[in-house]
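# Inside the fold
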Amino acid sequence: MTRKKIMPGNLLLTALFAVLSAFFLMPLAWMLSAASKTEREVWTFPIQWIPQDWNLIANFKAVWMGDVAFGLFYMNSVKIALISTIATIVISAMAGYALGKLDFKGRSLIFTLMLAFMMIPEQATLVPRYIMIKELGLYDSHAALILMGMFSSYFTFLLRQFMVGIHNDMLEAAELDGAGFFRIFWSVVLPLSRPILATVGIIKFIWTWNDYQGPLIMLNSTKLYTIPLGMQFFKEEFGTQISVMMMASVAAIVPLLVLFLALQKQVIDGIAIGGVKG
């Protein structure tokens with residue numbers, strides 16, 4: 001067996017990326033440290049990364065068992081993010097398959113219009129969407145946010161580009177075996193698209209979880225607030241207590257970290273494959 005030669009350039013690049021990673025992770029480390037400290041230690045300079053007086057349990061209770069319904073905001077975000085993500089994956093995958101693999105009249109025109117719509121800023125359509133939601137009687141409900149979030153030209157384009165790369169021979173072989181349209185889509189196309197589906201899922205979940213503009217415009221009742229609005233509401237109560245605010249921030253990002261760690265392999269594969277197919 002031959003040893004792989006270590007190039008000085010690769011070694012230097014790895015060291016550079018390690019330094020940059022530590023630099024970008026430093027705010028997260030400080031947030032975790034501050035969430036475990038007393039308020040006095042948070043303001044201590046120079047920074048004490050390891051707390052001298054642990055206050056983790058007290059800060060935890062202040063967030064989850066205090067007067068602010070942080071748990072309710074949390075569940076609202078989980079509900080909206082999960083439903084929106086699943087709906088977006090299903091709808092975008094079907095649309096991407098139709099635009100990428102089915103031959104029908106007007107397909108090129110639809111794809112061109114979709115690309116044109118992608119150039120319109122989301123803020124430019126905010127007023128029409130608000131009026132539509134009001135007319136449908138969905139204002140101040142989670143259904144309004146889910147309805148607005150389940151359709152995406154961007155993810156349809158992403159999935160379409162990936163599915164174009166799937167060889168038609170595989171689809172034709174399944175058709176010769178007697179598989180119908182939905183059977184081919186479910187049993188052949190979707191399994192081959194797992195990396196890009198995972199990429200779409202995690203990006204969509206993060207976008208929905210962190211969305212501030214949509215809930216701010218479409219929600220009025222405090223009991224319907226999501227995490228971004230809840231954090232603002234929480235800030236009014238504990239704005240001067242940095243340690244408690246950091247504990248709430250840590251709780252807010254936990255689902256995103258878990259989701260990425262669970263799907264990181266698929267996400268990296270999806271990005272790599274998408275980059276190669278360009």
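Before reading on, note that the structure itself is shown above.
Residues numbered from 1 in each chain as written. Predicted model: local features only at pLDDT ≥ 70, side-chain atom pairs only at ≥ 80, totals over all residues. Heavy atoms only, no water.

### Some points on the overall build of the protein
Looking only at helices and strands, one finds 14 helices and zero strands in the protein. When the helices and strands of the protein are listed from N to C terminus, the series reads α-α-α-α-α-α-α-α-α-α-α-α-α-α. The C-alpha atoms of the protein give 23 Å as radius of gyration, which overshoots the globular expectation for 278 residues (19 Å, by more than 25%). Overall, the protein is about 70 × 70 × 35 Å in size when its C-alpha atoms are taken along their principal axes. Here the protein holds 278 residues, and the buried ones make up 37% of them. For the protein, the exposed surface amounts to about 17200 Å²; the carbon and sulfur share of it is 68%. (Helix = DSSP H or I, 4+ residues; strand = E, 2+ residues; numbered from the N terminus. Rg over C-alpha atoms; globule rule 2.2 N^0.38 Å. Buried < 20%, exposed > 50% of the residue type's maximum accessible area, 1.4 Å probe, protein only. Areas by Shrake-Rupley, 256 points an atom, 1.4 Å probe, with all protein chains shown as cover.)

### Structural notes on the packing of aromatic side chains
Both the distance between ring centres and the angle between the ring planes are used here to describe each pair of aromatic rings. In total, this model carries 14 aromatic pairs according to the counting rule given. Aromatic pair W64 and F70: ring centres 5.1 Å apart, planes at 85°, arrangement edge-to-face. W64 gets classed as partly exposed once you look at its relative accessible area, which sits at 31%. An aromatic cluster is present here, built from F60, W64, F70, Y74, F205 and W209 joined pairwise through their rings. A cation over an aromatic ring shows up here: K134 above the ring of Y139, its NZ or CZ 4.8 Å from the ring centre. Between the NZ or CZ atom of R160 and the centre of the ring of F111, over which it lies, the distance is 4.1 Å. (Phe/Tyr/Trp six-rings, centres within 6.5 Å; stacked < 30°, edge-to-face > 60°. Lys NZ or Arg CZ within 6 Å of the ring centre and 35° of its normal.)

### Things to note about a nonpolar patch on the surface
Nonpolar side chains collect at one region of the surface, where M26, F45, I47, W49, I50, W54, L56 and I57 lie side by side and expose about 940 Å² of accessible area between them. Relative to the elements of secondary structure, F45 occurs in the loop between α2 (39-42) and α3 (56-64). (Patch = residues over 30% accessible without salt bridge, like charges linked within 9 Å, V, L, I, M, F, W, Y side chains within 5 Å. Salt bridge = Lys/Arg side-chain N within 4 Å of Asp/Glu carboxyl O.)

### Structural notes on helix α6 (residues 126-135)
Within α6, the full set of buried residues consists of L126, R129 and I133. Taken down its axis, α6 places every buried residue within 65° of arc, on the same side. Those residues of α6 that are exposed and angled more than 90 degrees off the buried face are V127 and E135. One or two positions beyond α6, positive phi appears at G137, with a value near 75°. (Arc of directions from axis to C-beta.)

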